[in-house]
Amino acid sequence: MSSNLLKLPNGTEPVTNADEEVFLVYTALNQKPLNLTGPDGFHGLGHVDSRKDTLSIRFELTAPSQATPSAAAESKSASRSRKGKSARKTRREETPHVIEIELTQDKTALRSRKGDTGSVLWRASIAFAQAILQQHRFPPSKPLVDKDLLRESHVLELGAGTGLLSIALSACTKSYTATDIAPLVPLIRKNVALNFVGWTQNTKPPEGSPGSNISVEELDWEILLSLPPTGRSRYYPTPPEPDAKWDLVLIVDCIYHPSLLPALVETIETVSTAGQTWALVIVELRQEDVVREFLEIWLNKGTWRLFRVDGLLDLPYTIWACQKYA
């Protein structure tokens, strides 16, 4: 797969210093008033609604409004000839394309299973999915992800949680593998099965059917870190195509607990291939020191180029696009 999967704006400067980067993003965050209290009453955590057992997620993809020369001319003529009447619309209107997804949450696990934050849906996943789906359906002049190359890409998601992104984005990819700790694998499979006919905990629909390119696998970062480097390839999942490598690794709202950061960075490093793999890290800006530590650990690897992607998501979210080069 081409290394041109992600298209960064011209002049995008690499991130080389964690302190400087944290200063820039948190200065911008502190200058923007935000209401971070969710419908479940929790402030600043990022749950969608941790009180509910099920959620209905709706994505509306709308074509950008554009005036055509003929429509503009027709409207001008109409307004001159029929004073006092409403002029005809100068912009094309198109019915939004709607994607609806049903998700089950395990709200009990959130409160009873230590360290389990993936059993409920987080707002960052919805914001990221909306942005990628919008660009995929109606490509702007400078999209972040090349639509045609993504269609031929193998995507690996770390910390997939409820599995929303696999359900929402799998149709845009060649293959999509959602991973998380073992206790969350049944929840992800259940949600995939809720949204794709033929999917069950143990079976997948026929090849070519919607959802047939989704795989759900266990990948515990701490287990991977505990293994000797020579034995790690037998633990983490590989693309379903023989000899293929991961083209894109997604890490969405997984930067929250300092103790997990070394294992997360080592997992990203291990599953990625120099010159091919891009990683997209989407962060909801919470604890400044945790984000700083994550960036320091990753930059100290010395094998990645990191770039901040501005404009795709609004604050409090930040995106770093990273390509492995060694």
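Below is a summary of the structure that appears in this document. The structure presented is a predicted model; accordingly, all values stated were derived computationally and were not measured. (Residues numbered from 1 in each chain as written. Predicted model: local features only at pLDDT ≥ 70, side-chain atom pairs only at ≥ 80, totals over all residues. Heavy atoms only, no water.)

1. Here we look at helix α10 (residues 288-301)
Note the following rule: Only DSSP runs of H or I reaching four residues or more are called helices, and only runs of E reaching two or more are called strands; each is numbered from the N terminus. A helix is expected to reach a length of 1.5 Å times the quantity of its residues less one. Burial classes: relative accessible area under 20% of the type maximum marks a residue as buried, over 50% as exposed, and values in between as partly exposed (1.4 Å probe, protein chains only). The directions from the helix axis to the C-beta atoms form the arc being described. Any two residues whose heavy atoms approach within 4.5 Å at even a single point are treated as in contact.
The end-to-end C-alpha distance of α10 is 21 Å, a good match for the 20 Å that 14 residues give at a rise of 1.5 Å each. Among the residues making up α10, those that are buried are Val290, Val291, Phe294, Leu295 and Trp298. For α10, the buried positions fall inside an angular range of 130° around the axis, keeping them on one side. Buried positions along α10 lie against α1 (18-30), α9 (261-271), β8 (278-284), β9 (304-309) and β10 (317-324).

2. Considerations on the nonpolar core
Heads up, the condition is: Here the nonpolar core consists of buried residues drawn from Ala, Val, Leu, Ile, Met, Phe, Trp, Tyr and Cys, with membership extended through side-chain atoms lying within 4.5 Å.
One finds Phe59, Phe128, Leu169 and Leu280 to be the most contacted residues of the largest nonpolar core, which totals 49 residues. Tallying contributions element by element places helix α4 (residues 123-137) first for this core, with six residues. Leave out the neighbours within four places in its chain, and Leu280 touches Leu6, Phe128, Leu144, Leu248, Val249, Leu250, Ile251, Ile319, Trp320 and Ala321. Val22, Ile251, Leu260 and Val283 belong to the second largest nonpolar core, which has 37 residues in total.

3. Focus on the pattern of salt bridges
Rule in force here: Salt bridge, as used here, is a side-chain nitrogen of Lys or Arg placed within 4 Å of a carboxyl oxygen of Asp or Glu.
Tallying each qualifying case throughout the model produces 17 salt bridges. Arg232 is paired through a salt bridge with Glu266; the nearest N and O atoms lie 2.8 Å apart. Of this pair, Arg232 sits in the loop between α8 (221-226) and β7 (248-252) while Glu266 sits in helix α9, placing them 34 residues apart in sequence. In terms of burial, Arg232 and Glu266 fall into one category: buried. If you follow the salt bridges from partner to partner, you end up with Asp19, Glu288 and Arg292 in one network.

4. Description of the sheet that holds strand β6 (residues 214-218)
The condition is simple: At least two bridges found by DSSP between two strands are what make those strands a pair. Geometry is summarised by axes, namely lines fitted to C-alpha atoms with helices restricted to the contacting stretch, and by angles between N-to-C directions that run from 0 to 180 degrees.
Read from one edge to the other, the open sheet built from eight strands follows the order β1-β9-β10-β8-β7-β4-β5-β6, with strand pairing classed as mixed. On the outer flanks of this sheet lie β1 (14-15) and β6, each paired with one strand and no other. Sheet strands in contact with α4 are β7, β8 and β10, and its direction is about 140° off that of β7.

5. Some details on the packing of aromatic side chains
The condition is simple: Only centres within 6.5 Å qualify two rings of Phe, Tyr or Trp (six-membered ring in Trp) as a pair; their planes then separate them into stacked at under 30 degrees, edge-to-face at over 60, and tilted for everything else. Comment: the charge-over-ring label is applied if NZ (Lys) or CZ (Arg) is within 6 Å of the ring centre and within 35 degrees of the ring normal.
Enumeration over the complete set of coordinates arrives at two aromatic pairs. Aromatic pair Phe294 and Trp298: ring centres 5.4 Å apart, planes at 55°, arrangement tilted. One end of the pair is Phe294 and the other is Trp298, both in helix α10 and four residues apart, which spans about a single turn. Pair check on accessibility: Phe294 and Trp298 agree, each one buried. Aromatic ring contacts, followed pair by pair, group Phe294, Trp298 and Trp304 into a single cluster. Seen from the ring of Tyr325, Arg305 lies directly overhead, with NZ or CZ sitting 4.3 Å from the centre.

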